[in-house]
Amino acid sequence: MSLRSHVGVGAAVALLLAGSAAWAHHNMSALFDFNDRVTLNGALSKIDWRNPHIYLAVDVKSGSEQGQTWSVEGPAPNFFRTRDITKADFEGALGKEVVVEVSRARDHSRSGLIRMLTLPGGKVVSACPQNC
Amino acid sequence: MNRTSLTTAVLCSALLLVPSLSKAQLPRDPAERARVVAQIMEANARQLTLFDRQGRQVSTVGTRDLYNQPVFSPDGTRMAVVKPDLEKETNDLWVIDNASGKSIQLTVSKTRENAGSPAWSPDGKQIAYVALRDGYFGLHRKASNAQGDEELLYKGSAPMTLTDWSQDGKYLTYFSTDLSGGRLYALPLAGTGERKPIEVFSSKSQNQGPRLSPDSRIMTYTSNVSGRFEVYAIPFDPAAAPGAAPAAGPWQLSDQGGTGMVFWRKDGKELYFLAADRAVMTVEVTGGATPQFAKPKLLFRPPADIAPGLGPGNASVTRDGERFVIAVPRPQLRQLTVYDRSGKVVSKVGEPGFYNQPNMSPDGTRAVLMRNDPRTGNVDIWTMDLASGKGTAITNDTDPQNAPIWSPDGKQVAYVSTHESISSIYRKAADGTGEAEQLFSYTPGAGMVLTDWSSDNKFMTFYTGVIVLVPIGNNQKASERKEIDWLREEYLAGQGRFSPDNRYIAFLSNEDDVDRGEVYVRPFDPNKPDAPLAGPAVRVSKDGAQGMITWRQDGKELYYMTRNWEVMAVDIETTPTFKAGTPRMLFSLPGPLPGNALQWKNVSPDGQRFLFAMPTNASTQR
C-alpha cells in the first residue's frame, strides 16, 4: 500500500472501495506525471477558487516557458481553509510574482498539479500529501 | 465537506470512500476534535493478533490501536507497524515487542508527512521504509532500536511502496502504480553513490508487492492482468536489460484470486498469500533454477466476521511460516434493521451479512444495497425484500460497484460501477433481469457518489465536493451526456436530494462553518437546470448534520442525521415559499455507524420506517 493510497486506519478499507474518492474529482495520477516536476516563476494572473479543485493561472516570466501562461490545479478550498490560508491570500498575490512547483500534465499541455507554491511574501504553501 | 462529516461519514466508512487518515484534517474546536478522534478510534482501531498455521489464535499483542501494515522481524519476536498520529496528520513506524506489547517509535515525521511500508533487514538490525519528506518520496532505513538518524537510500518523486528487503540483504523491492500501470523495482543496496533502481517488470496492469525468493532468483508479485488479482512469479535477473521481458514466466501461482501478502519461507520451499476470499493459502516450491510451484492449499481461514476488513496490508507471516499476524478490525458483519420513529426495532431483515449503504425503495418494501461476497471479495449491488430477507443480485462481476439508488417508480435501480479507472452510472431492472444500461461515463480516474434520481425521471445527482446533475431525460448515449455543475462553490456541497415535486434540492454543505456540515435547501427549476443559482440557500438543520437527507413522499417532512447519530425530522412547507420548521430528534443510534451517510436514502415514503445496516457480532457461515 503506497503512502499515497494508504488509508491510515485500514489498508483493507481501500481495497474494498469502489473507486470513488470522498471529494476527489479525479485521480491525479491519471492526468499528471508525478515524476515530471516543473518549477514556474511568474505572475499570478487568475484565480478560480472553487471545488473540487482550485485553478490558478501563472504568466511565466523566466526559463524555457517564459511568456507562456500555465494553468495549475490545486487542492480544494477546504484544504487551504483548514491551514489558515484564505482566498484573500491568493487574491492579494494577483499580478505579483509566485513560484509554483507542479507535476506536469501527462498530455504535455501547459498545465500542472501544484505540489508547492511560494506566495509573494515568501509564505510557502505545500499541497502535500494530497498532491505528492 | 466539514471535518465531522468527512470523518464520521467517510473515514469511518468501511466500503464506500477512500480518503487517507494521513491526509485527515480534524476540526479545530477542541471538543469537536476530541469527539471525532474518539469516533475514528472506535470505528477503525485494530487488534494485532497472532495465529498459528491452523488458524488458532495464539495471542494478542498490545492494545487496540490504529495499526496497519504489521511486518514480523526476521526472528519473529518483534513487529514493525504503521500508526497514524491524528493530531499531526502523520503516519509513522513503530516497533512492538510481541511478548510484552511494548513499543518504540521508529520514525518521527513532520506534520503532514508520512512513513510506511516497513521491511526488515535480514539480521533484524535495521528497517527500511518509504517516507514522504519535504515533498519527495524516498526509500530510507534506520536502526530497528530507533537509535540514530534515518538514512536516505533513494529519492523519488512519485509515490512508491516498499515490500521487502531480500534475504541475502542485497535488494529492496518496491513498486509504483498509477492509472498507466504498475512497475516492479529492485534497488541494489551495495556500493556507494547514487543508487539506481532496476525496473524488473512493468505493464499496463496493476502489478504490486514484489518479493524475492531467499536466493533472489525469483520475484513474486500480484497483478490484475487477468481481470482480478492473482499471484505470479518471474525469474529475477539484475543484469537484464531495462524493460526486457522476463526470461521465463510469468507463472501464475494462485488460481482463485490472490490479493497479496506473498511471503517466502526462509528455506524457499514454501510461500504464502492471501486469497480473494481472505483465506491464507500456501504454495509448495520445488526445483532450482526452474522452480515448480504446487497447487495452492488452504492453510486456514481467518474469522469470518472480519473477512472484508482484511487485506494484504493488514497481515504478514514469520520467516519460518509458523506465525501469522492479522490486524483484526472490529466485526464487519451488519444486520439490516428497521426502526420506527421512536427508535424501536420493528424488524431485522434476513441474516447478518457484509452489507453497506442500504437505501429504501419508494414503496418502503425493499432495499437496494452494496453486498460484499466473502467468497470472492467482490462488492456487488443487491436488492432485498424487507419482509422475507430474500435477496436478488443486480450485479455479479469483479468491477467494484457503489452508491445504489432507486428509480422513482421502484422498478429500476442505478449505481456506479468502475471499470479500468472509468466510473459510470448504470441502471438495471430491480428484479435483476435484463442488461444494465450505461447512462453516464465520467472523467477517467474520477469517482462519483450517486445520490438521487428525480421523480420526473429527468435528472440524477452525484457529488464530488460539487453537486452535479446528470440529465437522463433524453435518448443520448452515455458518452454524449454532459454533466451540469449545479452547485460549485468555495464551500463543499454534497448529497443533492430532489424534493418530490422537483422544485427544490436539499443538500449538505459547510457554507457557514468550514468545520461543520448543515442541511440547506435551494429552489430548482428542471427546465433551467444550468441557470445561475438565485438568492441564499435556506438552512434547515441547526447544529450540524452528516447526511441521510431524505424527503417524505408528500414533501412535508425532511429527515437527516446529526453528527451524534441522531435521526432528525423537520416540518417543511413549500407553498407559497419554502419554509422549514424547528428540527426535532426522533431517535438516536449507537454510532459510529458504518458506511457513508452522505448517500443514505433510507426512510420509508410515509416517514414511519428507517433502515440501517447495524454492526453485529453474530457469526456467519462461509
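1. Quick look at the nonpolar core
Residue and element names in this part refer to chain B.
Step number 1: Counting residues in hydrophobic clusters, the biggest one holds 101 residues, and the most contacted among them are M79, A80, L162, L172, M219, Y272 and F273.
Step number 2: A per-element tally of this core places strand β8 (residues 126-133) first, with 6 residues.
Step number 3: Among all residues touching A80, those that are not within four sequence positions of it are V71, L93, V95, L106, P118, W120 and I127.
Step number 4: Ranked by size, the runner-up nonpolar core spans 84 residues in total, among them L336, Y355, V449 and L611.

2. Focus: the domain arrangement of chain B
Residue and element names in this part refer to chain B.
Step number 1: The domains assigned to chain B are domain 1 (46-328) and domain 2 (334-615).
Step number 2: Here domain 1 and domain 2 have C-alpha centroids that lie 39 Å from each other.
Step number 3: Counting from both sides, the interface comprises 11 residues of domain 1 and, opposite them, 10 residues of domain 2.
Step number 4: Its residues assigned to classes, the side of domain 1 that touches domain 2 comprises 5 nonpolar, 3 polar and 3 charged.

3. What to know about the confidence of the model for chain B
Residue and element names in this part refer to chain B.
Step number 1: When the pLDDT values of chain B are averaged, the result is 91; 95% of them are 70 or greater.
Step number 2: Low pLDDT (under 50) marks residues 1-23, which in the prediction has 119 contacts with non-local residues, meaning those over four places away or in another chain.
Step number 3: Reported for the predicted complex are a pTM of 0.87 and an ipTM of 0.80.

4. Topic: the sheet that holds strand β11 (residues 161-165) of chain B
Residue and element names in this part refer to chain B.
Step number 1: Strands sit in the order β11-β12-β13-β14 across an open sheet of 4 strands; the sheet is antiparallel. For this open sheet the edge positions go to β11 and β14 (198-203), each flanked by a neighbour on one side alone. Each strand axis lies, on average, 20 degrees off the axis of its neighbour in the sheet, ignoring direction.
Step number 2: Where strand β13 (residues 181-188) and β14 come together, 5 bridges link them in antiparallel fashion.

5. Some remarks on the pairing of strand β36 (residues 449-453) of chain B
Step number 1: Taken across its 5 residues, β36(B) has 5 buried, putting it largely inside the fold.
Step number 2: Count of turn residues in the β36(B)/strand β37 (residues 459-463) of chain B antiparallel hairpin: 5 residues, of which N457(B) carries a positive phi of about 60 degrees.

Cut-off values and rules
- Residues numbered from 1 in each chain as written.
- Chains lettered and ligands numbered in written order.
- Predicted model: local features only at pLDDT ≥ 70, side-chain atom pairs only at ≥ 80, totals over all residues.
- Core = buried A, V, L, I, M, F, W, Y, C linked by C-beta atoms within 7 Å.
- Buried ≥ 20, exposed ≤ 12 C-beta atoms within 10 Å, placed from the backbone.
- Helix = DSSP H or I, 4+ residues; strand = E, 2+ residues; numbered from the N terminus.
- Contact = placed C-beta atoms within 7 Å.
- Domains from an automatic or database assignment.
- Nonpolar A, V, L, I, M, F, W, Y, C, P; charged D, E, K, R; others polar.
- pLDDT = per-residue confidence, 0-100.
- Pairing = 2+ DSSP bridges.
- Axes fitted to C-alpha atoms, helices over the stretch in contact; angles between N-to-C directions.

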